[in-house]
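One letter stands for each residue in the lines below.
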Amino acid sequence: MMTTLGKELHQTISDLEYIRDTQKPPPPAVYSILDQLYALQIVLIDAAIQKATVEYVNATAAMENAAKETRQAIDDLKKLESAIEKIGVAIEKVAPLLALAI
Amino acid sequence: MLLKTMHCLLFIFLISGCGLNHNQLVKTKSFGTATEDLGKISEQEFLNIRNGIIEINKTLLLIDSSKKSNSLVLDKPTYASDTAKRIAASKSLKLYGELLNQLANEKRTDNLQSAAAKLLESSSTALDKELPEETKNALNTLIVNLGSMWVEKKKADAAKEIINAYQASVTKLADLLYEDFSLDQQSQGYLKAYERTAVRLKNASMKLLDEENQHSISEREHVIHAYTLAETAINRAKELSTKAQQSAMQLKTANAELVNVINNPQYSSDDIKNYAKQVQEFVNLYQVLSR
């Protein structure tokens, strides 16, 4: 419905712009009719923008969810230094056993 | 024997899987940088569009006496709350790019070297004898290699988890950005609103310019300013639209490639390369068109 209206509006505007740009001087009413049609186009865009805003909110929430889901993995990476030290501690613990093997 | 044990450990690490390969690292870094840039530009541009519309509508009020206080909402249809939601989404895209960049960039060799040194020191104490210099060096190299592999494997696991988790929402955001930066006949997004508002101002200024001998020089000056403002905005919108749309479209295909590359190390295509190139062109153009 909105798409059909948008298409028809676009076509009417194109026709009127053609008259405005080719007839010098154009009929004075052309400017004001065009002004009203542009305003109508903006009303249609307004509705579409509101609708898309909901989708943006959902997409941002999905990004935040992804961030939450992967927070553990990210936190793990942030703790790499301590993890590396843990390897050291682990090998240190087995060092006496290794000493026997040497 | 100790060296043999360490070699065994190295072998176990090797067969348990390793980090991201060169191709995966390059693609992740390239995708991360481009996505960070795209998020940054989108964030700025949503604000620019809104400010541009306010400026255009103020000029329309100035030159068109038929417009009254109730006939124009200056920021329509890019209200503060709608713009804020878009900025938040762009920021999350930028942060995702930053995260991927960090994953692909961080090097921990220095930390590993110091950990290895400490480890050798404490091992010598535990063994209660000083290890020969040759053995120490070999052990040091092995520890750093083992540590690096372990770190890289952790990074690869994290990258897989992160990229797969973000896949769907990045694709959705790419579609939304594509629509908001489109000037196609049927599009109804932010850039279209900016362009239509400018076209409206152009029409109003044309009406006044075409009226012969009815305006003073000062009035005409306002009209010419309005006409120039409208024309500049229309051209800016056209220039931006092409690059922004291509970048958003490439974000979608590159995101799909990244998912493939991260899950299958052998996979390769030029989608991410093209995306990075496209975004770089967009960044360059954006610097020229900056308001």
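Residues numbered from 1 in each chain as written. Chains lettered and ligands numbered in written order. Predicted model: local features only at pLDDT ≥ 70, side-chain atom pairs only at ≥ 80, totals over all residues.

1. Remarks on the overall build of chain B
Step number 1: Along the backbone of chain B there are eight helices and zero strands.
Step number 2: Listing every helix and strand of chain B by position from the N terminus yields α-α-α-α-α-α-α-α.
Step number 3: Relative to its full complement of 291 residues, chain B shows a buried share of 40%. (Helix = DSSP H or I, 4+ residues; strand = E, 2+ residues; numbered from the N terminus. Buried ≥ 20, exposed ≤ 12 C-beta atoms within 10 Å, placed from the backbone.)

2. Some thoughts on the overall build of chain A
Step number 1: The number of helices and strands found in chain A is four helices and zero strands.
Step number 2: From first element to last, N terminus to C terminus, chain A shows the α and β order α-α-α-α.
Step number 3: In chain A, which comprises 102 residues, the share counted as buried stands at 19%.

3. A closer look at the confidence of the model for chain A
Step number 1: Per-residue confidence for chain A gives a mean pLDDT of 84, with 75% of residues at or over 70.
Step number 2: When mean pLDDT is taken per element in chain A, helix α2 (residues 29–69) of chain A scores highest with 95 and helix α4 (residues 80–101) of chain A scores lowest with 62. (pLDDT = per-residue confidence, 0-100.)

4. Some remarks on the packing of α2(A) against helix α5 (residues 133–180) of chain B
Each pair of packed helices gets described by two things: the angle between the helix axes and the distance between those axes.
Step number 1: Look at α2(A) against α5(B): their axes get within 9 Å of each other, and the N-to-C directions meet at 155 degrees. Taken together, the axes of α2(A) and α5(B) are roughly antiparallel relative to one another. Seen from above, α2(A) lies across α5(B) with left-handed handedness. Residue-level contacts link Ala52(A), Glu55(A), Tyr56(A), Ala59(A), Ala62(A), Met63(A), Ala66(A) and Glu69(A) of α2(A) to Ala165(B), Tyr166(B), Ala168(B), Ser169(B), Lys172(B), Leu173(B), Leu176(B) and Glu179(B) of α5(B).
Step number 2: Residue composition of the contact of α2(A) with α5(B), grouped by class: eleven nonpolar, one polar and four charged. (Axes fitted to C-alpha atoms, helices over the stretch in contact; angles between N-to-C directions. Parallel < 35°, antiparallel > 145°, perpendicular 65-115°, else oblique. Left-handed = near helix turned anticlockwise from the far one by under 90°. Contact = placed C-beta atoms within 7 Å. Nonpolar A, V, L, I, M, F, W, Y, C, P; charged D, E, K, R; others polar.)

5. Thoughts on the nonpolar core
Step number 1: Of all hydrophobic cores here, the largest spans 69 residues; its most connected members are Ile56(B), Leu173(B), Tyr194(B), Ala198(B), Leu201(B) and Tyr275(B).
Step number 2: Mapped onto this core, the elements with two or more residues apiece are α2 of chain A together with α2 (22–63), α3 (80–105), α5, α6 (190–210), α7 (217–263) and α8 (271–289) of chain B.
Step number 3: Broken down by element, the residue count for this core peaks at 14 residues, all from α7(B).
Step number 4: If sequence neighbours within four positions are ignored, Leu173(B) has contacts with Ala59(A), Ala89(B) and Leu93(B).
Step number 5: By size, the runner-up hydrophobic cluster in this structure holds five residues, among which are Ala116(B), Ile143(B), Leu146(B) and Trp150(B). (Core = buried A, V, L, I, M, F, W, Y, C linked by C-beta atoms within 7 Å.)

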